[in-house]
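Structural overview for review
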Amino acid sequence: MEANMKEVKDKNILTDSFGRRHSYLRISLIEKCNLRCSYCMPANGVPFTPNKSLMNPDEIYEISKLFVKNGVDKIRLTGGEPLLRKDFEEIIFKVKTLGTKISLTSNAILIDRHLHYLRKINQLSINVSLDSLCKFKFKEITLRDQFDNTYENILKLIKDRFNLKINVVLIKGFNDNEIIDFIKFSSDHKVMVRFIEFMPFYGNKWDNSRCVSQDQILNLIKSHFGKDSLIEHNNKKNFIAREYSLKNTNSKFGIISTITNPFCDGCNRIRLTANGKIKNCLFSNNEIDILSPMRNGDPYEHLINLIIKNKLHTRAGMDNFKKLNDPNFHSNNRSMIAIGG
């Protein structure tokens, strides 16, 4: 907690000092994953929180209910890999009774085991991580031989007409030569593909030279398909990805340019880690525990207000490349796997 953090009371506990109202809650259900993607999981692993210190289904529901009462209208369940939780179906059932939009982020490996249930959840949005269409590169970045299973389950989701997005973390020299292939995949399967700039987190050996920028992505696409082929769509309120399509194709793609063209002005997201800590920004190492006071029967609504009010405007204060390139600003944050994406 920053030393100068002061408690500020407000009727709307989810509005920060810049007037941004937080209506999108991302809940990590678990820190464990069945892949070991290098941008997410440090090479030497991470110490996992004991199960008894993770939120149980009733606690997830009660905390979610409080957020919904205060204006949250969208909830995303993430991980780690959320489908690794044996009580996943109980959790998503409880959360969906709150009446918000509900979304899931998964690597798709276990999707086929849950399809029968996921089909019953109206208008469920699913984001799937897939960083390569090449089997050997998939194994290289994930350290697991699960490409065929992942790919087949993605096709099942497409066949079942889920609201699906494919997330691709681009790393220069690794998969940036697959951008056009992913655009063609998008067109062939009529599915949204989103390119995500490589971001700095503990243990992922980030440096700016490995980032593929928004401009580089767009210039490559225009060079391949023609400069007049690109259609830019109007950004939705609180957008994460800038969305595009190509003339005379079924392609739909977006760019999440957190590094080179951040979208912090309209940020409406707040994160709840699997062990019940609130993070007001993906890049912030500033957390506040609400699970412990909840278990003790103490009020914690004011703690949510406190951390929201002290949210910085841009990337937890990393508002220029000098700060981004300084490990002191991001090496003491959690690794991505322990945040929840």
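Cut-offs used in this document
- Residues numbered from 1 in each chain as written.
- Predicted model: local features only at pLDDT ≥ 70, side-chain atom pairs only at ≥ 80, totals over all residues.
- Heavy atoms only, no water.
- Core = buried A, V, L, I, M, F, W, Y, C linked by side-chain atoms within 4.5 Å.
- Buried < 20%, exposed > 50% of the residue type's maximum accessible area, 1.4 Å probe, protein only.
- Contact = heavy atoms within 4.5 Å.
- 1 Å grid on protein atoms, 1.4 Å probe; cavity = no way out; pocket = protein on both sides within 12 Å on 5 of 7 lines; lining within 4 Å.
- Points joined across faces, edges and corners; volume = space filled by probe spheres on them.
- Helix = DSSP H or I, 4+ residues; strand = E, 2+ residues; numbered from the N terminus.
- Nonpolar A, V, L, I, M, F, W, Y, C, P; charged D, E, K, R; others polar.
- Arc of directions from axis to C-beta.
- Axes fitted to C-alpha atoms, helices over the stretch in contact; angles between N-to-C directions.
- Left-handed = near helix turned anticlockwise from the far one by under 90°.
- pLDDT = per-residue confidence, 0-100.
- Polar contact = N/O pair within 3.5 Å; in protein donor to acceptor, adjacent residues only side chain to side chain.

Glancing now at the nonpolar core. Judged by nonpolar contacts, the single largest core of 102 residues is most densely connected at Leu118, Ile166 and Phe195. Other than its neighbours up to four places away in sequence, Leu118 contacts Phe88, Ile92, Leu104, Ile111, Leu124, Ile126 and Phe162.

As enumerated under the stated definition, the model contains 2 cavities of 30 Å³ or more in all. The calculated volume of the largest cavity comes to roughly 60 Å³. Considering the residues around the largest cavity, the lining is formed by Leu35, Cys37, Tyr39, Asn107, Ser129, Leu130, Asp131, Ser132, Phe138, Ile141 and Thr142. The element that contributes the greatest number of residues to the lining of the largest cavity is helix 4 (residues 135–142), accounting for 3 residues. Partitioning the lining of the largest cavity into residue classes produces 6 nonpolar, 4 polar and 1 charged. Its volume calculated, the second largest cavity comes out at about 50 Å³. If you go around the second largest cavity, the residues you meet are Ile30, Glu31, Lys32, Phe48, Thr49, Asn51 and Leu54.

When we look at burial in helix 4, the residues that qualify are Lys137, Phe138, Ile141 and Thr142. Seen from one end, helix 4 has its buried residues packed into an arc of 120°, which puts them on one side. In this structure, the buried side of helix 4 is in contact with helix 5 (147–159). Positive phi shows up at Leu143, right after helix 4, with a value of about 60°.

Close contact between helix 2 (residues 88–96) and helix 3 (residues 111–118) brings their axes to 11 Å; oriented N to C, the two are set at 35°. Of the two elements, helix 2 crosses helix 3, and the hand of that crossing is right-handed. Residue-level inspection shows Phe88, Glu89, Ile92 and Phe93 of helix 2 in contact with helix 3, the latter providing His114, His116, Tyr117 and Leu118. Split by residue class, the contact of helix 2 with helix 3 holds 5 nonpolar, 2 polar and 1 charged.

So, on to the confidence of the model for the protein. Of the residues in the protein, 96% have a pLDDT of 70 or more, and the chain-wide mean is 92. In the predicted structure, residues 1–10 sits below a pLDDT of 50 and forms 19 contacts with residues beyond four places in sequence or in another chain.

Now for the environment of Ser292. Secondary-structure assignment places Ser292 in helix 8 (residues 291–295). Taking C-alpha positions, Ser292 is 9.2 Å from Ser53, a pair spaced 239 residues apart along the chain. In this structure the side chain of Ser292 is engaged in a polar contact, spanning 2.5 Å, whose partner is the side chain of Asp289.

Our focus in this paragraph is unusual backbone geometry. Put simply, Gly79 and Gly80 share a cis peptide bond, and its omega is 20°. Relative to the helices and strands, Gly80 is located in the loop between strand 2 (74–78) and helix 2. Not every positive phi belongs to a glycine, and Arg315 is a case in point at roughly 45°. By the element assignment, Arg315 lies in the loop between helix 9 (301–309) and helix 10 (321–324). Here Arg315 falls in the buried class, since its relative accessible area comes to 5%.

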